[in-house]
Amino acid sequence: MTRKEFPEGIAPYGTDALRYTYYSLASTGRDINFDVGRIEGYRNFCNKIWNASNYVFMNTEDEDCGQDGSDNYALTLADRWIISRLQQAEAAVAEGMNTYRLDLASQALYDFIWKDYCDWYLELTKPVLWDENANPEIKKGTRRTLIRVLETTLRLAHPMMPFITEEIWQRVKPLAGAEGESIMLAAYPEADESKIDPQAMADIEWVKDVIVGVRNIRGEMNIPPSKQLPVYFKNGNDNDKRCLNDNSQFLKKLAALESTEWLDTNEEAPLSATTLVGKLEILVPMAGLIDKDAELARLQKESDKLEKEVGRLNGKLNNPKFVDKAPADVVQKEKDKLAEAQSALGKLQEQKEKIAAL
C-alpha cells in the first residue's frame, strides 16, 4: 500500500518535523490516523521558527539587549503581554509532559510560537523598533524581550525538536546573556506566575480584536491593505476609551489607519461599515469605498450569527431545568449575554436600513 501511494518515495521533511508530528499524535488512544500532510505542516512550523529567529537577529545583533544585566530599559504593553503568555505556555507544556499528554504539550507550544510570538508579538514590535524617534529605553526593552523570550522558547521546545533549537540557540545565547556549551545542558523553563500581567493581556486582546475587525472590513469590502483609513469608535465604555488612547500607535501601524476618533453618544458618524468588539462600534466611513451589496451581505452575515446566539440563549433561559437548577449568578450571566446580543442585533439592523436606503 505504501509503495503504491508513494511510488517515488516519501519526500524528506526533516527529523524535527517528524518528531513533532508524532508528539502531536500522542493522545490517549492507541490507533492513529497518520497523514504525511501533518509532517509537511510541522516542517512549515520549523521554517516559521527559523524565519522568526532571523527577524529577531536582524533587530538585536550588534545592539544593546541588556546583556550586561542593567535595568535601564522599559517594557511596552506588548512586551508585558508576551512575557505573560510565555508563563502560561510554560505551565501548559509542563502539565502536558507531567501527565504524558505530549499531544497537548506540543499543541500549547505550537500555539504560543505561531499565534502569539510570530503572528502578533513580532508585528507589535515593529512600531517600536522601526520608529527613529522612539525612546531608547523602550527600544532596549523590546529588543531584550524579543531575544529572551526566543531563548526561553527554544529551551522549552528542545526536547521535541532538538536539532533546530540547538542550531538557533548557539547564536541566541550571547544576545540573551545565556551561557553553556549546549542547550541540552541548559535549565528547562519553569513558569513564574508573578510575571503574568492580567491587564496587559486584556489590553492586547482588545487591540487584536480591533485590528482583526478592521482587517475583516477591508477584506469583505475589497479595500487594499495599504490604503490608510480613518476610523471612528462609538458606544464603548471607559475601558475602551482608555485602550484607544493608550494603543493608537499600534492600531495606526498594524491596521494602516489614517486617524482614530472617539465619538460621544450624541455625535453622528458618517455612513460607515461597522463591526463590533463587545458593545464598542468600530466604524469605517464608506465614502468612496462602499460596495452596497457586499456591505449588506456582510452585515447580514453578522446578523445571522447574532440571531443564532439569541436563539440559543432564549432556548437555554426558557428551559426550566436550567433556570431552576443553575446558580442565580450563572442564570443572570446568560440573561446579560442575551441582552447584549439583542442590543448588538438592533444596531446592525439600523446599519442595514441606512445602507439599503443609499
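For the structure, check the block above.
Quick caveat: nothing in here was measured; it's all calculated off a predicted structure.

Each value, and the rule that gives it
- Residues numbered from 1 in each chain as written.
- Predicted model: local features only at pLDDT ≥ 70, side-chain atom pairs only at ≥ 80, totals over all residues.
- Heavy atoms only, no water.
- Helix = DSSP H or I, 4+ residues; strand = E, 2+ residues; numbered from the N terminus.
- Buried < 20%, exposed > 50% of the residue type's maximum accessible area, 1.4 Å probe, protein only.
- Areas by Shrake-Rupley, 256 points an atom, 1.4 Å probe, with all protein chains shown as cover.
- Lys, Arg positive; Asp, Glu negative; His and termini not counted.
- Charge placed at Lys NZ, Arg CZ, Asp CG, Glu CD.
- Pairing = 2+ DSSP bridges.
- Axes fitted to C-alpha atoms, helices over the stretch in contact; angles between N-to-C directions.
- Parallel < 35°, antiparallel > 145°, perpendicular 65-115°, else oblique.
- Left-handed = near helix turned anticlockwise from the far one by under 90°.
- Nonpolar A, V, L, I, M, F, W, Y, C, P; charged D, E, K, R; others polar.
- Core = buried A, V, L, I, M, F, W, Y, C linked by side-chain atoms within 4.5 Å.
- Patch = residues over 30% accessible without salt bridge, like charges linked within 9 Å, V, L, I, M, F, W, Y side chains within 5 Å.
- Salt bridge = Lys/Arg side-chain N within 4 Å of Asp/Glu carboxyl O.
- 1 Å grid on protein atoms, 1.4 Å probe; cavity = no way out; pocket = protein on both sides within 12 Å on 5 of 7 lines; lining within 4 Å.
- Points joined across faces, edges and corners; volume = space filled by probe spheres on them.
- Right-handed = clockwise from strand over helix to strand, strands pointing away.
- Contact = heavy atoms within 4.5 Å.

## Observations regarding the overall build of the protein chain
And step 1. If you tally the helices and strands in the protein chain, you get twelve helices and four strands.
And step 2. Across the 358 residues that make up the protein chain, the buried fraction comes to 44%.
And step 3. Looking at the protein chain as shown, the accessible area adds up to about 19,400 Å², and 49% of this sits on carbon and sulfur atoms.
And step 4. Charge-centre separation for the protein chain: the mean point of 46 positive side chains lies 4 Å from the mean point of 59 negative side chains.

## Notes on the pairing of strand β4 (residues 280-285)
And step 1. Most of β4 is tucked away, with six of its six residues classed as buried.
And step 2. Taking every second residue as pointing to the same face, both faces of β4 are buried, with L280, I282 and V284 on one and E281, L283 and P285 on the other.
And step 3. Direction of pairing for strand β1 (residues 229-234) relative to β4: antiparallel, over a ladder of three bridges. The residue bridging Y232 from the neighbouring strand is L283, located in β4.
And step 4. Judged from the six bridges that link them, strand β3 (residues 272-277) and β4 form a sheet pairing that is antiparallel. Within β4, the residue paired with T274 across the bridge is L283.

## Topic: the packing of helix α10 (residues 292-317) against helix α12 (residues 328-356)
And step 1. Where α10 contacts α12, the axes come no closer than 9 Å and their chain directions differ by 155°. Judged on the interaxial angle alone, α12 and α10 are roughly antiparallel. Handedness of the crossing formed by α10 with α12: left-handed.
And step 2. Among the residues forming the contact of α10 with α12, the class breakdown is 14 nonpolar, five polar and ten charged.

## Observations regarding the nonpolar core
And step 1. Ranked by size, the top nonpolar core spans 93 residues in total, and within it Y117, F233 and L251 carry the most contacts.
And step 2. Of the residues forming this core, the biggest block, twelve residues, is contributed by helix α5 (residues 102-129).

## Brief notes about a nonpolar patch on the surface
And step 1. A cluster of nonpolar side chains, L18, Y22, I32 and F34, forms an exposed patch at the surface whose accessible area comes to about 360 Å².
And step 2. Its location among the elements puts F34 in the loop between α2 (15-24) and α3 (36-60).

## Some details on empty space enclosed by the protein
And step 1. Scanning the entire structure with this criterion turns up two cavities of 30 Å³ or more.
And step 2. Counted as a void, the largest cavity has a volume near 70 Å³.
And step 3. Where the lining of the largest cavity is concerned, the elements lending two or more residues are α3, α5 and α6 (136-157).
And step 4. Partitioning the lining of the largest cavity into residue classes produces eight nonpolar, two polar and no charged.
And step 5. Estimates place the volume of the second largest cavity at around 40 Å³.
And step 6. Looking at side-chain class alone, the lining of the second largest cavity contains two nonpolar, two polar and three charged residues.

## Thoughts on the pairing of strand β2 (residues 257-263)
And step 1. Alignment of β1 against β2, held across six bridges, turns out to be parallel. The residue bridging P230 from the neighbouring strand is S259, located in β2.
And step 2. Read from β1 through helix α9 (residues 238-254) to β2, the crossover connection turns out right-handed.

## A closer look at the sheet that holds β1
And step 1. One open sheet accounts for four strands, arranged β2-β1-β4-β3; its pairing is mixed. Unpaired on one side and paired on the other, β2 and β3 mark the two borders of the sheet. On average, adjacent strands in this sheet sit at an angle of 25° to one another, irrespective of strand direction.
And step 2. Packed on one face of the sheet, helix α8 (residues 198-221) meets β1, β2, β3 and β4 and runs near 145° to β3.

## A look at the pattern of salt bridges
And step 1. Under the defined criterion, the tally for this structure stands at 19 salt bridges.
And step 2. Between E205 and K208 there is a salt bridge, with the nearest N and O atoms lying 3.2 Å from each other. With a gap of three residues between them, E205 and K208 both fall in helix α8, about one helical turn apart.
And step 3. On the basis of relative accessibility, which here comes to 35%, the residue E205 falls in the partly exposed class.
And step 4. The class of K208 is buried, set by a relative accessible area of 12%.
And step 5. The residue R298 makes a salt bridge to E302 at a minimum N-O spacing of 2.8 Å. Here R298 and its partner E302 are both found in helix α10, four residues apart, which amounts to about one turn of the helix.

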